[in-house]
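Survey of secondary and tertiary structure
Okay, here's what each chain looks like letter by letter:
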Amino acid sequence: MSVVFGIVPLLWWIPLEWSGNIRSSLLFSAVAGVVAFCVIWSQGNNVTGRSILPKIRSIDVVPVAAAGVGVLVYVQQLMVRSVDDAMSLMLMAWDNASHFNIFHMQRLHGSVLPLAGLAGDGSRWAFSDYPQSYHSALVLVSEIARKTSPQDWEADAVTYVNFTAVVNIMVVLLVVAAICSLPGLRKNPIIGIPIATLVASGWLFGPGALASMHGFPNFFFTTGLVAAAIVLFHSMQRVFDPLPLIAAGACVAGVVQNWALSIVFLIPCVIAVVFITKKGRWKANRGELVIAVLLVGVVAMAGLTAVGQLLTVAPDDILFAAGGVPDPDFGLLLALLLMLVSASIFMQIGKGPNLPSPKRTQWSLGSVWAGTAVVVAMAAAQLIKTGSVSYYTQKFSIALALIALLCLGIAANGIVERTACLGRVRTFSSSPKLLATAVVVSLAFTQVFGFAFPFKPIGLPPSSESGLEAAKQIQSKMDGSAANDNLLRAVRQSVSLEGPVMYLTTNPGDIDVILAQQWFDALRGNYSEHSWKLSLNMFPLSGGPDNLTKVVTDLRFQDPSVRIVVDPENQAALDQILTKHQ
């Protein structure tokens, strides 16, 4: 999964001409074939059907259960079948407009936006400087599973909502499966199952919901790749160990192509592989060296394209950017950090030739301390300049909490491996009481982040972030909104119009006027930088319809060719204004 999510999206940087959905199917099949070849090749001459299959342990039920619960968490998105319901959910978070726009434009043009040429007005497409690997992965998954024309913007809106939820579930599955792959937890499911359940609960109900259910699916996706890469690097015993190297390299490529700052989490892990692993870490045969060189080329391509995009944005514009992000739970974050400190201290207890060294575990936990340093530095810079922490500190703090949860699992694995009474292989068949204990503790861990499900009508209101947001989603779909209806009406009426078209709504209580224009252009597949600049004239509309004349005059002065669409109640006023301008 990490290879598909990390490397395949890079192929959208290569302008390939494919008809229909065959592109995604062929790319997915090719990558699956390469991965299968590498797995079989790594077995040498002793390959058998049984040898290439994973050994199933009781802990492996946790990723499957997490994916099943994920379906319930994201059920409101998965059940969307109409563009009205899709927009009801997407209008709940501002950032959905930009992410849908990139997804829809990649579907229309078959490439990332920097390679899609210029817009019809001669300017660049909006968000050409925004990392787009997540959106390419979303296009890949959706095109394999659903055959719809990219020209059908209504179907694309539904597809985007459905498959954002699908990819969110796949990310949770990837993270929880990574934790369940740790050898100490696999050998001792009495400890492993509750720990894996705690990690899954945090990614589904707690900090994970802050990212995945508030318009930041690319950020959630990136953090999942970071988590998988940490576990992969932690498991590597040689620098050129092909399978974990390919998977970890794919994760690195995906990270730099989405949220490049998150690469900070992986620096201690890479140092540990290169310098802390046992003797013989540089041992490799010719085939492994070839794989490493190819992988370096892929990661370099990802890095260079990402840098090329980021260089077009001033650092201050990123560091001090404003935005709507839910407040992270800093109390939870502090608790997780203190628990990791205590785990690090505990692992230092006891020394002996038969005890595994805690160094690798300590370096893997270093990913949290690297992330903490970034949060502190960003917060300090923002406090000095603006007097308060803002968008990126809050957002990165959510990622830090998710990675800290993952590292609790790594710390538990390290403690189990170093503690004789815990390190012995434990099976549930040896004691039904141990099974009951593990099940009860696991169920308790599912409620650590609050009650998850929206049963308020029967007196059981949710308190977890995912439950609260699911309740809002249900209400939003039930209530609908005039703003949603007007927006969709305007798009349907103007979908065939060429040139810059501006949608002027005068209902700021229902939808922000700038956001309405973003959605208008995104759904029409025509959001350009010129359109964005024109939309800056629309702020007076926040004062109501009395300012319509001023906005129309300013727009026509800046671009006489602009076409204007309004809500039905303002059509007569617009006709009078345009008559005066003739």
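Here goes a summary of the coordinates provided. (Residues numbered from 1 in each chain as written. Predicted model: local features only at pLDDT ≥ 70, side-chain atom pairs only at ≥ 80, totals over all residues. Heavy atoms only, no water.)

1. Description of helix H5 (residues 83-90)
Buried residues dominate H5, accounting for six of its eight residues. Taken residue by residue, H5 has Val83, Ala86, Met87, Ser88, Leu89 and Met90 as its buried positions. (Buried < 20%, exposed > 50% of the residue type's maximum accessible area, 1.4 Å probe, protein only. Helix = DSSP H or I, 4+ residues; strand = E, 2+ residues; numbered from the N terminus.)

2. Side note on the packing of H5 against helix H8 (residues 153-180)
At a closest axis distance of 9 Å, the pairing of H5 and H8 adopts a crossing angle of 50 degrees. If you check the angle between H5 and H8, you find them oblique. The handedness of the crossing between H5 and H8 comes out as left-handed. Here Val83, Ala86, Leu89 and Met90 of H5 come into contact with H8, specifically with Trp153, Glu154, Ala157, Val158, Tyr160 and Val161. Here the residues of the contact of H5 with H8 are counted per class, giving nine nonpolar, no polar and one charged. (Axes fitted to C-alpha atoms, helices over the stretch in contact; angles between N-to-C directions. Parallel < 35°, antiparallel > 145°, perpendicular 65-115°, else oblique. Left-handed = near helix turned anticlockwise from the far one by under 90°. Contact = heavy atoms within 4.5 Å. Nonpolar A, V, L, I, M, F, W, Y, C, P; charged D, E, K, R; others polar.)

3. So, the nonpolar core
Counting 138 residues, the largest nonpolar core has Met90, Phe100, Trp203 and Trp519 as its most contacted members. The element best represented in this core is helix H19 (residues 391-418), accounting for 18 residues. Discounting chain neighbours no more than four positions away, the residues touching Met90 are Asn96, Phe100, Ala157, Tyr160, Val161 and Trp519. (Core = buried A, V, L, I, M, F, W, Y, C linked by side-chain atoms within 4.5 Å.)

4. Considering the side chain of Ser98
Tracing the backbone through its elements, the reader meets Ser98 in helix H6 (residues 96-109). Classification of Ser98 as buried rests on a relative accessible area of 11%.

5. Quick word on helix H21 (residues 432-446)
In this model, H21 (15 residues) spans 21 Å end to end at C-alpha, consistent with the 21 Å of a helix rising 1.5 Å per residue. Along H21, the residues classified as buried are Ala438, Ser442 and Thr446. Seen along its axis, H21 keeps its buried residues to an arc of 75 degrees; they face one direction. The exposed residues of H21 that point more than 90 degrees off its buried face are Lys433, Val440 and Leu443. Tucked into the core, H21 has its buried residues touching helix H10 (189-205). (Expected span 1.5 Å × (residues − 1). Arc of directions from axis to C-beta.)

6. As for the packing of aromatic side chains
Summed over the entire model, instances satisfying the criterion amount to 16 aromatic pairs. Each ring, one from Tyr391 and one from Tyr392, has its centre 4.8 Å from the other, and the planes form 90 degrees; the classification is edge-to-face. Judged by relative accessible area, Tyr391 falls into the buried class, the value being 8%. On the basis of relative accessibility, which here comes to 19%, the residue Tyr392 falls in the buried class. Joined through ring pairs, the aromatic side chains of Phe216, Phe219, Trp259, Phe265, Tyr391, Tyr392 and Phe396 make up one cluster. (Phe/Tyr/Trp six-rings, centres within 6.5 Å; stacked < 30°, edge-to-face > 60°.)

7. Focus: the pattern of salt bridges
For the structure on display, the rule yields eight salt bridges. For Asp156, the salt bridge is made with Arg107, and the minimal N-O distance between the two is 3.0 Å. Of this pair, Asp156 sits in helix H8 while Arg107 sits in helix H6, and the two are 49 residues apart along the sequence. Through salt bridges with shared partners, a single network forms among Arg107, Glu143 and Asp156. (Salt bridge = Lys/Arg side-chain N within 4 Å of Asp/Glu carboxyl O.)

8. A word on the packing of helix H14 (residues 267-276) against helix H18 (residues 359-386)
For any two helices packed against each other, the geometry is given by the interaxial angle and the distance between the axes. Relative to each other, H14 and H18 sit at 155 degrees, their axes nearing to 8 Å. Taken together, the axes of H14 and H18 lie roughly antiparallel to each other. Judged by the sense of rotation from one axis to the other, the crossing of H14 with H18 is right-handed. Of H18, the residues touching H14 (which contributes Pro268, Cys269, Ile271, Ala272, Val273 and Ile276) are Lys359, Arg360, Trp363, Ser364, Gly366, Ser367 and Ala370.

9. As for unusual backbone geometry
The residue Phe127 is not glycine, and still its phi comes out positive at about 70 degrees. Relative to the assigned elements, Phe127 resides in the loop between H6 and helix H7 (133-145).

10. A word on the pairing of strand S1 (residues 501-504)
Along a regular strand, successive side chains alternate from one face of the sheet to the other. The two faces of S1 match: Val501 and Tyr503 on one face and Met502 and Leu504 on the other face are all buried. Alignment of S1 against strand S2 (residues 563-566), held across four bridges, turns out to be parallel. For Val501, the partnering residue across the bridge sits in S2 and is Arg563. (Pairing = 2+ DSSP bridges.)

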